[in-house]
Amino acid sequence: MSVPDEVSEGFWAATRERRLVIQSCRSCGRRQHYPRWLCTACGGAELQFLPVSGLGVVDSFTVVHRAPAPGLEAPYVVARVRLAEGPVMLTNLVGDAGWACDQPVRVDWRPLPDGRHLPVFRPMED
């Protein structure tokens, strides 16, 4: 699991309250995820974390049937979810669904041992 650093601390701090945030550039307004030092559009360094709706659509996905390491329970679904606000998140899909690209999803939370929560996505109708 990712260890928070200076760049990602704001993202992980928000997950403790089950809030989904992404970076927004104060210079050009570009929204991005995963957290970075610089804006991917203009190279600006004045980035802030802003809340997002937690809604999106499945952009692409795969079902993992063989866990790559002990302690991971297969099968599980790895996906790219395009947030309603634009950025794409690499995440897991949860819930029993016949997954499809362009399927509407909403954020849900998987608790982590240290009090943070991992954002995962489930079908909108769940």
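Provided above is the structure to which this section pertains.
Structural notes, computed from the coordinates. Being a predicted model, the structure only gives us computed values, none of them experimental. (Residues numbered from 1 in each chain as written. Predicted model: local features only at pLDDT ≥ 70, side-chain atom pairs only at ≥ 80, totals over all residues. Heavy atoms only, no water.)

### Some thoughts on the packing of aromatic side chains
- Under the defined criterion, the tally for this structure stands at one aromatic pair.
- Between the aromatic rings of Phe-11 and Trp-12, the centroid separation amounts to 5.1 Å while the plane-to-plane angle is 80°, which identifies the pairing as edge-to-face.
- Given a relative accessible area of 5%, Phe-11 falls into the buried group.
- Taking the relative accessible area as the measure of exposure, Trp-12 reaches 7% and is therefore buried.
- In this structure, Arg-36 packs its charged tip against the face of Tyr-34, placed 3.9 Å from the ring centre.
- We note Arg-116 situated over the ring of Trp-12; from NZ or CZ to the ring centre the distance is 4.4 Å. (Phe/Tyr/Trp six-rings, centres within 6.5 Å; stacked < 30°, edge-to-face > 60°. Buried < 20%, exposed > 50% of the residue type's maximum accessible area, 1.4 Å probe, protein only. Lys NZ or Arg CZ within 6 Å of the ring centre and 35° of its normal.)

### Quick notes on the sheet that holds strand β3 (residues 47–51)
- What the three strands build is an open sheet, ordered β2-β1-β3; its pairing is antiparallel. A single partner strand is all that each edge strand has here, and the edge strands are β2 (31–32) and β3.
- Across five bridges, strand β1 (residues 21–25) lies against β3 in antiparallel orientation. Bridge pairing in β3 links Gln-23 to Phe-49. (Pairing = 2+ DSSP bridges. Helix = DSSP H or I, 4+ residues; strand = E, 2+ residues; numbered from the N terminus.)

### Some points on the pattern of salt bridges
- Per the counting criterion, the structure on display carries four salt bridges.
- One salt bridge connects Asp-108 with Arg-122, and the closest N-O pair in it is separated by 2.6 Å. Note that Asp-108 is positioned in strand β7 (residues 104–111) and Arg-122 in strand β8 (residues 117–123), a separation of 14 residues in sequence.
- Judged by its relative accessible area of 22%, Asp-108 falls in the partly exposed class.
- A salt bridge links Arg-116 to Asp-114; the nearest nitrogen and oxygen atoms lie 2.7 Å apart. (Salt bridge = Lys/Arg side-chain N within 4 Å of Asp/Glu carboxyl O.)

### Topic: the nonpolar core
- Counting 21 residues, the largest nonpolar core has Leu-20, Leu-83, Leu-93 and Phe-121 as its most contacted members.
- Within the residue set of this core, elements represented by two or more residues are α1 (9–15), β1, β5 (76–83), β6 (88–93), β7 and β8.
- Among the elements that make up this core, the one with the highest residue count is β5 (four residues). (Core = buried A, V, L, I, M, F, W, Y, C linked by side-chain atoms within 4.5 Å.)

### Some remarks on the pairing of strand β4 (residues 55–64)
- Bridge analysis of β4 against β7 gives three bridges, and the strand direction is antiparallel. Paired with Val-57 across the two strands is Pro-104, which belongs to β7.
- Note: β4 against β5, eight bridges, orientation antiparallel. Across the sheet, the residue bridging to Thr-62 is Val-78, located in β5.

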